[in-house]
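The primary structure of each chain is shown beneath.
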2 protein chains.
Amino acid sequence: MKTITIPSATISRLPVYLRSLGDMPPTQATISSEQLAQIVGLNSAQVRKDLSYLGAAGVRGVGYGVAELRVDLREALGLTHGYGVAIVGAGNLGAALSNYGGFEAWGFEMSAILDTDAAKIGESLGGLLIEDLVDLERIVKQRDVAIGIVATPASSAQDVVNRFVKAGVRSILNFAPAIVQVPSGVVVRRVDLSTELQILTYHLHHNEAAG
Amino acid sequence: MKTITIPSATISRLPVYLRSLGDMPPTQATISSEQLAQIVGLNSAQVRKDLSYLGAAGVRGVGYGVAELRVDLREALGLTHGYGVAIVGAGNLGAALSNYGGFEAWGFEMSAILDTDAAKIGESLGGLLIEDLVDLERIVKQRDVAIGIVATPASSAQDVVNRFVKAGVRSILNFAPAIVQVPSGVVVRRVDLSTELQILTYHLHHNEAAG
DNA sequence: TAGATTGTTAATCGATTAACAATC
DNA sequence: TAGATTGTTAATCGATTAACAATC
């Protein structure tokens, strides 16, 4: 287990670097910090600093090997594991997520989609059968689910999170517009459409970045 | 036009404060910075500092009036305008977004949903007819669309963004897993499932926040 | 008045970036 | 060697927080 702590700002940029490398033409064997900075819209010093946390593979005068860098980034992010993902909520958002092709491409495995609605349970979605939320704990254990996704209305979010926590899930992605409480040791990331819209609205309202 | 510049970190917390106040029981007329901090998981000094940027309505020894604070937050975020929103991409994600009830609740207006797929154009989604992307510029002008949402595959994202920019849209929310380039004056926020998953994976991999 | 809580300052902390020696 | 670019230091910038006077 590595003990260097990577700053959280850097961590959230690592997936962006990784994606940028994926868009690279295969003819390009190396990339400089300056080029990468251009692509992702950052300062080249920051790129070098971020990559240095990975024990980067840069070569002075040349740049970073694209292939090596990709390996280093995947390694640092822990994308070598194939973590299982369970989605709770088989509504529109759950459907969109379960049909999102990217999961497998990034090494995640869609393990289950669950709901409480008897009318939905047993239906097929994204190649999986919708299962009953009451079975969450069993499913998490049997299929080794590591990541839980909450795609329910806000009113159910805390309950669903509690169930995930009880089942032993330590990483939760919350799409419900609600702030949920979790014990320490559990990481929750929140993605909220109305928050994003409201931040955009602030900029509209204040004419920011205008000119 | 107010000229005080609110730090971007504060701006992104304002919607969170606003939502927390919405969850408040109507019996509670005032709230202290300490209470609000508890709910959103922040330091009370930070809450006071954030609210002070709004020309906050706090009363020493008492706290903030819930109703006034809500008004101040909505005002600061520019939620008094009823901005029009257009979604490009009538796939699963576009469907989820167009059915997302929160738009109107927060004062946004779903103005249009567009796609390039002839099989989808003319179909109904979230109460709107799916329209042809080639008509985007006309639609933006006629319906005064202020915010564009990109819900297409990554490969189309830059093209769609270009169309939004050409049509005069200055605020874009990008759900496609692609980094897009825009001229200065245009604000893009990116929401990317695989980035979020990868950040969670980092924490899993490094056993962070464990204990 | 005594207790509570704001608004704000000053201290701290962390993140970004300019600069440059190291070196391919 | 000359040119390019890294890795890292030190300076800067910005954001968080402790502390406390102001005051309801």
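Quick caveat, the model's predicted, so the values are computed rather than measured.

Draft legend 1. Structural context of the interface of chain A and chain B. On the chain B side, the residues contacting the 65 residues of chain A number 65 residues. For the chain A and chain B pair, buried surface summed over both sides reaches about 6,000 Å², with 68% attributable to carbon and sulfur atoms. Contact with chain B buries surface across chain A, with Gln-198, Leu-200 and Tyr-202 of chain A losing the most and accounting together for 11% of the total. Summed over the shared surface of chain A and chain B, the number is 4 salt bridges. In this structure, the salt-bridge partner of Arg-189 of chain A is Glu-196 of chain B, at a minimum N-O distance of 2.5 Å. Taken together, chain A and chain B are joined by 10 residue pairs in polar contact (both at pLDDT 80 or more). If one sorts the elements of the side of chain A that touches chain B by residue count, helix α9 (residues 193-205) of chain A sits on top with 13 residues. Residues of the side of chain A that touches chain B, tallied by class, amount to 39 nonpolar, 19 polar and 7 charged.

Draft legend 2. Layout of the domain arrangement of chain A. Domain boundaries assigned for chain A yield domain 1 (8-77) and domain 2 (84-196). In this structure, domain 1 of chain A and domain 2 of chain A have C-alpha centres spaced 31 Å apart.

Draft legend 3. Here's a closer look at the protein's contact with DNA strand C. Residues in close proximity to DNA strand C total 22 residues, the closest being Gln-46 and Arg-60 of chain A together with Ser-33, Arg-48 and Tyr-64 of chain B. When the atoms of DNA strand C within 4 Å of the protein are sorted by group, sugar and phosphate make up 65%. Contact distances for DNA strand C include 3.0 Å between a phosphate oxygen and a side-chain N or O atom of Arg-13 of chain A. Asn-43 of chain A is positioned with one of its side-chain polar atoms (N or O) 3.1 Å from a phosphate oxygen of DNA strand C. Looking at the surface near DNA strand C, the elements that each hand over two or more residues are α3 (44-53) of chain A together with α3 (44-53), β2 (58-59) and β3 (63-65) of chain B. It is α3 of chain A that provides the largest number of residues to the surface near DNA strand C, a total of 4 residues. For the surface near DNA strand C, a count of residues per class yields 7 nonpolar, 8 polar and 7 charged.

Draft legend 4. Fine view of the protein's contact with DNA strand D. Around DNA strand D sit 22 residues, and of these Ser-33, Arg-48 and Tyr-64 of chain A together with Gln-46 and Arg-60 of chain B come closest. Among atoms of DNA strand D positioned within 4 Å of the protein, sugar and phosphate together represent 65%. One of the side-chain N or O atoms of Ser-33 of chain A is found 2.6 Å from a phosphate oxygen in DNA strand D. Mapped by element, the contributors of at least two residues to the surface near DNA strand D are α3, β2 (58-59) and β3 (63-65) of chain A together with α3 of chain B. Top element by residues in the surface near DNA strand D is α3 of chain B. It accounts for 4 residues. Tallied by class, residues from the surface near DNA strand D come to 7 nonpolar, 8 polar and 7 charged.

Draft legend 5. Broad picture of the pattern of salt bridges. Overall, the coordinates contain 20 salt bridges over all chains when judged by the stated rule. Of the charged contacts in the structure, one is a salt bridge between Arg-143 of chain A and Glu-131 of chain A, with a shortest N-O distance of 2.8 Å. Highlighted residues: Arg-143 of chain A in helix α7 (residues 136-143) and Glu-131 of chain A in strand β7 (residues 128-132), separated in sequence by 12 residues. In this structure, the salt-bridge partner of Arg-163 of chain B is Asp-159 of chain B, at a minimum N-O distance of 3.2 Å.

Draft legend 6. Inspection of the sheet that holds strand β4 (residues 84-88) of chain A at higher detail. Residue and element names in this part refer to chain A. Here 7 strands make up an open sheet; going across it, the order is β6-β7-β5-β4-β8-β9-β10 and the pairing mixed. The sheet terminates laterally at β6 (124-125) and β10 (187-190), the two strands that pair on one side only. Pairing of strand β8 (residues 145-150) with strand β9 (residues 171-174) involves 4 bridges; the strand directions are parallel. The residue of β9 that forms the bridge with Val-150 is Asn-174. Across the face of the sheet, α7 comes into contact with β4, β5 (109-115), β7 and β8 while running at roughly 170 degrees to β5.

Draft legend 7. The packing of helix α1 (residues 8-22) of chain B against helix α4 (residues 66-77) of chain B, seen in detail. Residues and elements named next belong to chain B. The interhelical angle for the contact between α1 and α4, taken along N-to-C directions, is 145 degrees, at an axis separation of 10 Å. For the crossing formed where α1 meets α4, the hand is left-handed. Mapping the contact onto sequence places Leu-14, Pro-15, Tyr-17, Leu-18, Leu-21 and Gly-22 in α1 and Val-66, Leu-69, Arg-70, Leu-73, Arg-74, Ala-76 and Leu-77 in α4. Of the residues in the contact of α1 with α4, the class split is 10 nonpolar, 1 polar and 2 charged.

Draft legend 8. Spatial organisation of the relation of the copies chain A and chain B. Each copy superposes on the other: chain A lies on chain B with an RMSD of 0.0 Å after a rotation of 180 degrees and an axial shift of 0.0 Å. In the structure described here, the two chain copies are related by an operation that fits a two-fold rotation axis. Most of the interface of chain A is mirrored in chain B, where 100% of its interface residues again form contacts.

What counts, and at which threshold
Along every chain, residues carry numbers that run from 1 in the direction the sequence is written. Going through the entries in the order they are written, you letter the chains from A and number the ligands from 1. Local features are withheld for residues below a pLDDT of 70 in this predicted model, meaning they are given only at 70 or higher, and side-chain atom pairs are given and counted only at 80 or more; totals for whole chains, interfaces and linings count all residues. To get the side-chain values, take all heavy atoms of the structure and skip hydrogens and water. Contacts were defined at the residue level, with two residues in contact if any of their heavy atoms lie within 4.5 Å. The term buried area means the drop in 1.4 Å probe accessible area that two parts suffer when joined, counted for both and summed. By convention in these notes, a salt bridge is any Lys or Arg side-chain nitrogen within 4 Å of a carboxyl oxygen on Asp or Glu. For the purposes of these results, a polar contact is taken to be a pair of N or O atoms within 3.5 Å, where, inside protein, one atom must be able to donate a hydrogen and its partner to accept one; residues adjacent in sequence count only when each atom of the pair is a side-chain atom. Under the DSSP-based scheme used, a helix requires at least four consecutive residues in state H or I and a strand at least two consecutive residues in state E, with every element numbered from the N terminus. For this classification, Asp, Glu, Lys and Arg are treated as charged, while Ala, Val, Leu, Ile, Met, Phe, Trp, Tyr, Cys and Pro are nonpolar and the rest, including Gly, are polar. The source of the domain bounds is an automatic or database domain assignment. We call a residue near a molecule or strand whenever a single non-hydrogen atom of that residue lies within 4 Å of it. Strands are treated as partners if at least two bridges between them are detected by DSSP. For helices, the fitted axis covers only the stretch in contact; all axes are lines through C-alpha atoms, and the angles between them, taken along N-to-C directions, range from 0 to 180 degrees. Should the near helix be turned anticlockwise from the far one by less than a right angle, the crossing is left-handed, and should it be turned clockwise, the crossing is right-handed. The superposition of copies rests on a least-squares fit of C-alpha positions from residues with pLDDT of 70 or more in both.

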